[in-house]
Amino acid sequence: MMDFLLNEFLVTGDPLIYGAMVSIVLVSIAIVFVLTYFRKWGYLWREWLTTVDHKKIGIMYIIAAIAMLFRGGVDAMLMRAQLTLPNTEFLNSQHYNEIFTTHGTIMIIFMAMPFLIGLMNFVVPLQIGARDVAFPFLNAVSFWSFAFGAMLFNLSFVIGGSPDAGWTNYAPLAGPNLNPGPAINYYLLGLQISGIGTLATGINFMVTILKMRAPGMTLMRMPIFTWSSLITSFIITFAFPILTVALALMTIDRIFGSQFFTLTGEGMPMMWANLFWLWGHPEVYIVILPAFGIFSEVISTFARKQLFGYKAMVWSMLLIAGLSFLVWVHHFFTMGAGAGVNSLFSVTTMLISVPTGVKIFNWLGTMYKGKIRFDTPMLWSLGFIPCFVIGGVTGVMLAMAAADYQYHNTYFLVAHFHNVLIAGTVFGCFAGLTFWYPKMFGHKMNEKLGKISFWFFVIGFNVCFLPMYFLGFMGMPRRTYAIEPEWMPLNVVSTVGAVLMAIGFIVFVYNIYYSFRYSEREKTGDTWDGRALEWATTTPVPFYNFATVPEITGPEAFWKMKQEGGTTYDKDNLEPIHMPSDSGVPFIMSAFMFVAGFGLVWEWMVVAIAGLIGILACMVVRSFDYDHGFHVSVEEIKETEEKAREGEK
Amino acid sequence: MSGHSELTTGPLEYRSHEDRMTVLGFWLFLGAEIALFATLFATYAVLFGRTADAPTPQELFEMPMALTMTFLLLTSSFTCGIAIHEMRRGSLKGLLTWLIITLALGLGFLGFEIYEFVHYAHEGATLQSSAYWSSFFVLTGTHGAHVTLGICWAVLLIIQLKKRGLNQMTARKTFVLGLYWHFLDVIWIFLFTSVYLIGMVV
């Protein structure tokens, strides 16, 4: 027993991991202590763990995503530390493999997606004049299955060992023969559990946006961020089942001995690459389209102009969404599918740059002759355009199949996808968070700190990743844990950039604390002279969002309301509001998913079956639950609104 | 907007806005299910013929069994349709009767499928024996698991219908279950064609 614990169960023998274990234990004790000391357990359960309020769920998503950004960022710093100088013995090759795997997986699955889904959760219902999402209970299931999936994945760090086959987890390297043990299982089950939640989010937001818009808000009057969320939800709904199947097949390969991706029994390892990227490429657009939506909102607001080319923006997103399902082979041109196949996918890939280019020019067009304000959200958006264009252009270079044989698996590729994912998604998350921050928390983030963090991050970003293109040309392969002496100078530059980015991130997080302490509290709901309906609510937003839902007569609903008069509190037409009841079932059900996942990771079937029974029991409980929610009385609405609107007078 | 209003006429399951949203959400879920099964079918197609040392499908597939299973499941879809028709007529008794017949047919299908799997295993074709058989068992097994889940779901619904009678909520739940059941039937038609018919010929 002791032998199993020390040799297999717990990860031992590495000071970094001992340090992590100690810090995990200390942080856990601290959390328990603080909650007990301040008697906050009840508050935590009532207000957060059982909530079905889209605003609170959105905020929890964002907090979790920032925590994951920290974890993924630490991984990145460790990698840069190892790669700065030749012959470094900081990390061995196994440890390095684990770190680039967790870095990639966490950043995409547990940072980028939840960050954007968190913003979608908070903003979309407000933008369309809805009081919650279509399925609030399901929304809570989405969040908690993501949270427990992320927890399961992160647990691999100290219990059983981290996955080490890259975030793409290619077979046969990730198969049972070459990679026995629990590590890869953590990847498969962690992603599977959180993937269930993501799929539910996709369906939930499609229905919300299609069915819950304010009266008069036609599709072409919707704010552009809502459009991007609708299209993203569409991609999620049709791409995530592919990942579900791919993960399930490999899980069955590893645990039950099937032969899908094996080298024996006539299995096909390359099937994994195909299935993975059939999901993986749409996934790239799942994390970029909402960011495009955010930039569109921010640029239009701070250029103080209506978004230029709204219809072209919508159509280009639809085109991108369609094309995203038709390009997956470009991730493995070197597989040897033949000239015909490679040419086809080369062309479809290049086609994507057309609608993307349209969007770039539309953003420029929006700013043209605008009276631009340079607040922090706008800075992130302005930084995005040139940085993202570099990533886009190098993407077209990679799209040329013949040339790709040179770039494939070099640092050129690494530089390319960081250039699009950081400049696109991460800048977008930061822009969106600072933009909607006052709506969420009732105060702005400090502008000065925000600008310091922006400049550190953007300069650091370019210093970090531009040299990598040249390292790629020099032949530095991706995923190497040791560099050659001639690659040293550029790697040193790159590491300096990474440090600057880390400083930018730290300042950003410090800004959250600083602003909580010192920022002036918002008096009105309209912080930035906004244009879409979310700014028509009071700050903080009452739990029912809108006392009365305004009639929408054109695009830019709130802008029009400000000019023509109009309110979300029509005193004479108040009606009781129907709201959904909170529920602890999503949390408990997801906890059972965690148990089932943990059992499968270790192939302890008794535990897995117990977890599965728990999940099914929760579904039965839900099926027999006929709770129709509750009504908020007119008096309560009046009281809430009068109090919230005191500052306006 | 008129879409938000509660109706007093028309099918029970479409009267409240919430229920209309649930039905749309379920259609989208079925869309996702199509993507899921499409991936499994594609995997099956790619791995077709990769039987290694295990028996080939021509050696094992038997027309009478596949036809019986098809007959049972297609009939259950028809009876499920009658059940929903009875529900629309407001007859709880008719609904329950036809729902139970549907379940019996579904259970019959499931029994044959389990027998089939055991039989193949005795003949040396298991999940582990080759890539082809892995994809066969996972594709048909996923469908079978869906049928099992559908049966359990229907049992829960029958209890609720007995307890609460026909109202907007139970009508919506039953309608959604009907959609699910017909969907499984559609999947089976593709399974029968591309797995059993083609498997016996090629």
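None of the values given here were measured: they were computed from a predicted structure.

Rules and cut-offs
The residue numbering used here restarts from 1 in each chain and proceeds along that chain's sequence as written. Chain letters and ligand numbers both follow the written order, the letters beginning at A and the numbers at 1. pLDDT decides what is reported in this predicted model: residues at 70 or higher carry local features, side-chain atom pairs at 80 or more are listed and counted, and totals for whole chains, interfaces and linings draw on all residues regardless. Hydrogens and water molecules were not included; the side-chain quantities draw on all heavy atoms of the structure. Working definition: helices are DSSP H or I runs of at least four residues, strands are E runs of at least two. Numbering for both runs from the N terminus. Each residue's exposure class comes from its accessible area (1.4 Å probe, protein chains only) as a fraction of the maximum for that residue type: buried when under 20%, exposed when over 50%, partly exposed otherwise. By definition, residues are in contact when any of their heavy atoms lie within 4.5 Å. Each accessible area is a Shrake-Rupley result for a 1.4 Å probe, and residues are judged covered by the shown protein chains and nothing else. Lys and Arg are tallied as positive, Asp and Glu as negative. Neither His nor the chain termini are counted. Where a charge sits is defined by one atom per residue type, namely NZ (Lys), CZ (Arg), CG (Asp) or CD (Glu). Our radius of gyration is a C-alpha quantity, and the globule rule it is checked against amounts to 2.2 Å times the number of residues to the power 0.38. By arc we mean the arc of the directions from the helix axis to the C-beta atoms, nothing more. Classification of ring pairs rests on two measures: the distance between centres of Phe, Tyr or Trp rings, Trp counted by its six-membered ring, which must be within 6.5 Å, and the angle between planes, read as stacked under 30 degrees, edge-to-face over 60 and tilted in between. A positively charged side chain is recorded as over a ring if its NZ (Lys) or CZ (Arg) lies within 6 Å of the ring centre. The angle to the ring normal must also be within 35 degrees. The salt bridge criterion pairs a side-chain nitrogen of Lys or Arg with a carboxyl oxygen of Asp or Glu, the two atoms within 4 Å. Using a 1.4 Å probe, buried area is obtained as the accessible area two parts lose upon being combined, added over both of them. Each residue is assigned to one class: nonpolar for Ala, Val, Leu, Ile, Met, Phe, Trp, Tyr, Cys and Pro, charged for Asp, Glu, Lys and Arg, and polar for all the others, Gly among them. UniProt positions are given in the numbering used here, feature names are shortened, and annotations may be inferred rather than shown by experiment. Only C-alpha atoms enter the line fits that serve as axes; for helices the fit covers just the stretch in contact. Angles between N-to-C directions range over 0 to 180 degrees. By definition in this entry, angles of less than 35 degrees are roughly parallel, angles greater than 145 are roughly antiparallel, angles of 65 to 115 are roughly perpendicular, and the rest are oblique. Crossing handedness is read from the near helix: turned anticlockwise from the far helix by less than a right angle, it gives a left-handed crossing, and turned clockwise, a right-handed one. What fixes the domain bounds is an automatic or database domain assignment. For the purposes of these results, a polar contact is taken to be a pair of N or O atoms within 3.5 Å, where, inside protein, one atom must be able to donate a hydrogen and its partner to accept one; residues adjacent in sequence count only when each atom of the pair is a side-chain atom. Values of pLDDT, ranging from 0 to 100, describe the predictor's confidence in every residue of the model.

Visitor: When you look at the overall build of chain B in this model, what are you seeing that I'm missing?
Guide: Secondary structure summary: chain B contains 6 helices and 0 strands in total. Each helix and strand of chain B, placed in order from N terminus to C terminus, yields the pattern α-α-α-α-α-α. Dimensions of chain B, computed from the C-alpha atoms along their principal axes, are close to 65 × 35 × 25 Å. Across the 202 residues of chain B, 54% fall into the buried class. Put simply, of all contacts in chain B between residues at least 6 apart along the chain, 78% involve residues at least 24 apart. Here chain B has roughly 8600 Å² of accessible surface; of this, 70% comes from carbon and sulfur atoms. Across chain B, 11 positive and 13 negative side-chain charges occur, with their mean positions spaced 18 Å apart.

Visitor: I would appreciate a short explanation of the overall build of chain A in the present structure.
Guide: Each helix and strand in chain A was counted, giving 20 helices and 2 strands. On C-alpha atoms alone, chain A measures out to a radius of gyration of 25 Å, which is about the 26 Å that the 2.2 N^0.38 rule sets for 649 residues. Taken along its principal axes, the extent of the C-alpha atoms in chain A is 75 × 60 × 45 Å. Of all 649 residues assigned to chain A, the portion counted as buried reaches 59%. The long-range share in chain A, meaning contacts at least 24 apart out of those at least 6 apart in sequence, stands at 82%. Roughly 25000 Å² of accessible area belongs to chain A as shown, and the carbon and sulfur atoms make up 69% of that amount. Averaging the locations of the 37 positively and 41 negatively charged side chains of chain A gives two centres separated by 10 Å.

Visitor: Would you mind going over helix 17 (residues 557-564) of chain A with me for this structure?
Guide: Residue pairs spaced three or four apart in an α-helix point in one direction, given the helix's 3.6 residues per turn. Residue and element names in this part refer to chain A. What helix 17 keeps buried is the set Ala 557, Phe 558 and Met 561. Seen end-on, helix 17 carries its buried residues on one side only, within an arc spanning 90 degrees. Phi turns positive one or two residues past the end of helix 17, at Gly 565, with a value near 80 degrees.

Visitor: Explanation requested: the packing of aromatic side chains in the structure shown.
Guide: Aromatic ring pairs are defined here through the distance separating the ring centres and the angle between the ring planes. Residue and element names in this part refer to chain A. Taken as a whole and judged by the stated rule, the model has 90 aromatic pairs over all chains. A centroid spacing of 5.1 Å and a plane angle of 50 degrees characterise the contact between Phe 234 and Phe 238, whose relative ring orientation is tilted. You can see Phe 234 and its partner Phe 238 sitting in helix 8 (residues 224-256), 4 residues apart, about one turn around the helix. Given a relative accessible area of 38%, Phe 234 falls into the partly exposed group. One Lys or Arg, Lys 40, reaches over the ring of Tyr 43 and ends 5.0 Å from the middle of that ring. Between the NZ or CZ atom of Arg 71 and the centre of the ring of Phe 157, over which it lies, the distance is 4.8 Å.

Visitor: What am I meant to see in the pattern of salt bridges here?
Guide: Oppositely charged side chains may form a pair once their charged atoms are brought near each other. Residue and element names in this part refer to chain A. For the structure shown, the criterion picks out 14 salt bridges over all chains. Asp 53 is the salt-bridge partner of Lys 55, the closest N and O atoms lying 3.3 Å from each other. The same class applies to Lys 55 as to Asp 53, namely buried. Each of Asp 526, Asp 529 and Lys 562 takes part in one network of salt bridges that share partners.

Visitor: Is there a simple way to think about the interface of chain B and chain A in this case?
Guide: The interface is formed by 38 residues belonging to chain B together with 39 residues belonging to chain A. For the pair chain B and chain A, the summed buried surface comes to about 3400 Å²; carbon and sulfur atoms form 74% of the total. Counting across the interface, chain B meets chain A through 0 salt bridges. No other element matches helix 1 (residues 17-47) of chain B, which puts 17 residues into the side of chain B that touches chain A. Residues belonging to the side of chain B that touches chain A are distributed by class as follows: 18 nonpolar, 15 polar and 5 charged.

Visitor: Please clarify how the UniProt feature "transmembrane region" (unreviewed entry) in chain B should be interpreted in this entry.
Guide: Taking the numbering used here, the UniProt-annotated feature "transmembrane region" (unreviewed entry) corresponds to residues 21-45, 65-84, 96-115, 135-159 and 179-199 of chain B. Along residues 96-115 of chain B the backbone is 100% helical and 0% strand, and the end-to-end C-alpha distance reaches 28 Å.

Visitor: Teacher, can you tell me more about the packing of helix 12 (residues 376-399) of chain A against helix 14 (residues 411-441) of chain A here?
Guide: The description of two helices packed together rests on the angle between their axes and the distance between the axes. All names here are of chain A. At a closest axis distance of 8 Å, the pairing of helix 12 and helix 14 adopts a crossing angle of 160 degrees. Classified by the angle their axes make, helix 12 and helix 14 are roughly antiparallel. Between helix 12 and helix 14 the crossing geometry is left-handed.

Visitor: How should I be thinking about the domain arrangement of chain A in this particular structure?
Guide: For an interface, size is often stated in terms of accessible area lost upon the parts coming together. Residues and elements named next belong to chain A. Each domain of chain A was delimited in the assignment, giving domain 1 (1-38) and domain 2 (39-583 + 627-647). For domain 1 and domain 2, the distance between their C-alpha centres works out to 30 Å. Across the boundary between the two partners, domain 1 contributes 15 residues, which contact 13 residues of domain 2. When residues of domain 1 are sorted by the area they lose upon contact with domain 2, Leu 16, Leu 35 and Phe 38 head the list and together hold 40% of the total. Our count for the domain 1 to domain 2 interface comes out at 0 salt bridges. Seen at the junction of domain 1 and domain 2, the total is 8 residue pairs in polar contact (both at pLDDT 80 or more). Of all elements in the fold, only helix 1 (2-9) and helix 2 (15-37) reach the threshold of two or more residues within the side of domain 1 that touches domain 2. At 9 residues, helix 2 tops the list of elements feeding residues into the side of domain 1 that touches domain 2. Residue composition of the side of domain 1 that touches domain 2, by class: 12 nonpolar, 1 polar and 2 charged.

Visitor: Which parts of the structure should I look at to understand the UniProt feature "domain: Cytochrome oxidase subunit I profile" (unreviewed entry) in chain A?
Guide: Summarizing the sequence annotation, UniProt attributes the feature "domain: Cytochrome oxidase subunit I profile" (unreviewed entry) to residues 39-553 of chain A in the numbering used throughout. Along residues 39-553 of chain A one finds 69% helix and 0% strand; the C-alpha atoms at either end are 49 Å apart.

Visitor: Even after reading the chapter, I still don't get the confidence of the model for chain B, so can you show me in this structure?
Guide: When pLDDT is low, close inspection of the predicted coordinates is not appropriate. In the predicted model, chain B carries a mean pLDDT of 94, and the fraction of residues at 70 or more is 98%. Here the complex is predicted with pTM 0.96, and the ipTM for its interfaces comes to 0.95.

Visitor: I keep staring at the environment of A:Val595 and nothing clicks. Help me out?
Guide: All names here are of chain A. Among the secondary structure elements, Val 595 is positioned in helix 18 (residues 585-601). Of the residues examined, Val 595 reaches a relative accessible area of 31% and is grouped as partly exposed. Excluding its chain neighbours within four sequence positions, the residues that come into contact with Val 595 are Val 607 and Gly 611.

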